[in-house]
Amino acid sequence: MLALWTTYGLPGAIMVGQILLMIVAVVLAVAYLTYAERKVLGAIQRRQGPMTVGPFGLLQPIADGVKLLSKETIIPSQANAPVFLLAPMLLFTLALVAWAVIPVNLKWVIADINVGILYLFAISSMGVYGVIMAGWASNSKYAFLGAMRSASQMVSYEVSMGLVIVTVLLCVGSLNLTDIVMAPRPVWMQALLFPMFIVFLVSILAETNRAPFDLPEGESELSGGFMVEYSSMAFALFFLGEYANMILMSAITTVLFLGGWLPPFGISELAVVPGVIWFIVKVCAVLFFFIWARGTFPRYRYDQLMRLGWKIFLPFSLIWVVLVAGTLLAFDALP
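We now turn to the structure provided with this report. Everything numeric here is computed off the predicted structure, so don't read it as measured data.

Let's talk about a nonpolar patch on the surface
So, step 1. On the surface, a nonpolar cluster with roughly 750 Å² of combined accessible area is contributed by Val24, Leu28, Tyr32, Phe56, Leu58, Leu59, Ile62 and Val66.
So, step 2. Listed by contribution, the elements that provide at least two residues to the nonpolar patch are helix H1 (2–44) and helix H2 (60–70).
So, step 3. Locating Tyr32 in the fold gives a position in helix H1.
So, step 4. Using a relative accessible area of 30% as the deciding quantity, one classes Tyr32 as partly exposed.

Right under this line is the structure:
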């Protein structure tokens, strides 16, 4: 930090400090999201969840991390070792770098760029490369089939997510995430965006390979999917990447549809609570939806997943984009 201060001055040191703070916050959030998921699923299934390690089981994520760190990383003899090890690093890195443009409060953002939503969409789209690299480099039919499943699933639902984002951009007239949060949204506009909010919620389940769309890891037919040959910290990076992506997608949902750091329902009296607290509460609400869906719905068949994405969500999203654009134009409400 002292060297950075000497080279780049105070702004450079502050930037590095912000980046380190964001990384530590995301990694801690990922660790305790695993704890929260096990506790919520335990409550849904009428059991206790983690209770033994530390008070109320709060040290369980740390114990799990120490266990994974202490295990041996096994690389299959016929695997492509460099690509095999690079794949989990890529997935986890992508889940972290996307946070550079997420505003957690007014002016609380590392890079407040004008095309923030395009940056997020580009970073989230690159995650499919890590999955394909893992499946191909493992030199296993099960891993390769899991990677193909995951790639087709993620690409399919990215199309619907892109159209949802286009609908939001039509209403707010900006690609900057701070502008998206601050843009005025009357009740009729929120009602117009609500169906796309539902489409987006279901699409992020498929995009992050979460139940009921966790088909790349179908235990009955693919053993463990694209990560079946991974162990130790390589597996942990996949695991952390999945949960970091869940938090990232929840943050994107919060920014696009839930008002970011602003008080809910525009109630000015609630503004006494710091904006970052509202942001965290909203992100936690979307994360609860992820966990609730896992504990409630059975896994889809693969053909059902594809049919939902291509035959229902895609046509509906296209029609809704035209409807929203037409409504805004008819009422002279284009930003």
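Still more to cover.
Details of the packing of aromatic side chains
To describe a pair of aromatic rings, one takes the distance between the centres and the angle between the planes.
So, step 1. Overall, the coordinates contain 15 aromatic pairs when judged by the stated rule.
So, step 2. On the numbers, 4.8 Å between centres and 80 degrees between planes, the contact of Tyr230 with Phe238 is edge-to-face. The same class applies to Tyr230 and to Phe238, which are both buried.
So, step 3. Ring pairs connect the aromatic residues Phe84, Phe226, Tyr230 and Phe238, which therefore count as one cluster.
So, step 4. Just above the ring of Tyr243 sits the side chain of Arg210; from NZ or CZ to the centre is 5.3 Å.

Quick notes on the nonpolar core
So, step 1. Ranked by internal contacts, the top residues of the largest apolar core, which has 72 residues, are Ile102, Leu120, Phe200 and Leu256.
So, step 2. Beyond its immediate sequence surroundings of up to four residues, Phe200 is in contact with Met161, Val164, Ile165, Ile252, Thr253, Leu256 and Phe257.
So, step 3. If you look at the next biggest cluster of nonpolar residues, it comprises 17 residues, including Phe84, Leu91, Val128 and Val131.

Thoughts on the environment of Ala191
So, step 1. Turning to its location among the elements, Ala191 is positioned in helix H7 (residues 187–207).
So, step 2. Residue class for Ala191 comes out exposed when judged on its relative accessible area of 51%.
So, step 3. In this structure the C-alpha to C-alpha distance between Ala191 and Tyr157, which are 34 residues apart in sequence, comes to 23 Å.

Let's talk about the packing of helix H4 (residues 116–137) against helix H9 (residues 232–257)
So, step 1. For the pair H4 and H9, the least separation of the axes is 12 Å and the interaxial angle reads 160 degrees. Judged by the inter-axis angle, H4 sits roughly antiparallel to H9. Crossing geometry of H4 relative to H9 is assigned as left-handed. Contacts between H4 and H9 involve Ile117, Leu120, Ser124 and Ala134 on the former and, on the latter, Phe238, Leu248, Met249, Ile252 and Leu256.
So, step 2. Of the residues that constitute the contact of H4 with H9, the class distribution is eight nonpolar, one polar and no charged.

Points about empty space enclosed by the protein
So, step 1. According to the stated counting rule, one finds two cavities of 30 Å³ or more in the structure shown.
So, step 2. Roughly 240 Å³ of internal volume is contained in the largest cavity.
So, step 3. Taken together, 19 residues line the largest cavity, and the ones lying closest to its centre are Leu91, Met154, Glu207, Gly241 and Asn245.
So, step 4. Secondary structure elements with two or more residues in the lining of the largest cavity: helix H3 (81–97), H4 and H9.
So, step 5. Looking at the lining of the largest cavity, the element that brings in the most residues is H9, giving six residues.

About the cut-offs
Residues numbered from 1 in each chain as written. Predicted model: local features only at pLDDT ≥ 70, side-chain atom pairs only at ≥ 80, totals over all residues. Heavy atoms only, no water. Patch = residues over 30% accessible without salt bridge, like charges linked within 9 Å, V, L, I, M, F, W, Y side chains within 5 Å. Areas by Shrake-Rupley, 256 points an atom, 1.4 Å probe, with all protein chains shown as cover. Salt bridge = Lys/Arg side-chain N within 4 Å of Asp/Glu carboxyl O. Helix = DSSP H or I, 4+ residues; strand = E, 2+ residues; numbered from the N terminus. Buried < 20%, exposed > 50% of the residue type's maximum accessible area, 1.4 Å probe, protein only. Phe/Tyr/Trp six-rings, centres within 6.5 Å; stacked < 30°, edge-to-face > 60°. Lys NZ or Arg CZ within 6 Å of the ring centre and 35° of its normal. Core = buried A, V, L, I, M, F, W, Y, C linked by side-chain atoms within 4.5 Å. Contact = heavy atoms within 4.5 Å. Axes fitted to C-alpha atoms, helices over the stretch in contact; angles between N-to-C directions. Parallel < 35°, antiparallel > 145°, perpendicular 65-115°, else oblique. Left-handed = near helix turned anticlockwise from the far one by under 90°. Nonpolar A, V, L, I, M, F, W, Y, C, P; charged D, E, K, R; others polar. 1 Å grid on protein atoms, 1.4 Å probe; cavity = no way out; pocket = protein on both sides within 12 Å on 5 of 7 lines; lining within 4 Å. Points joined across faces, edges and corners; volume = space filled by probe spheres on them.

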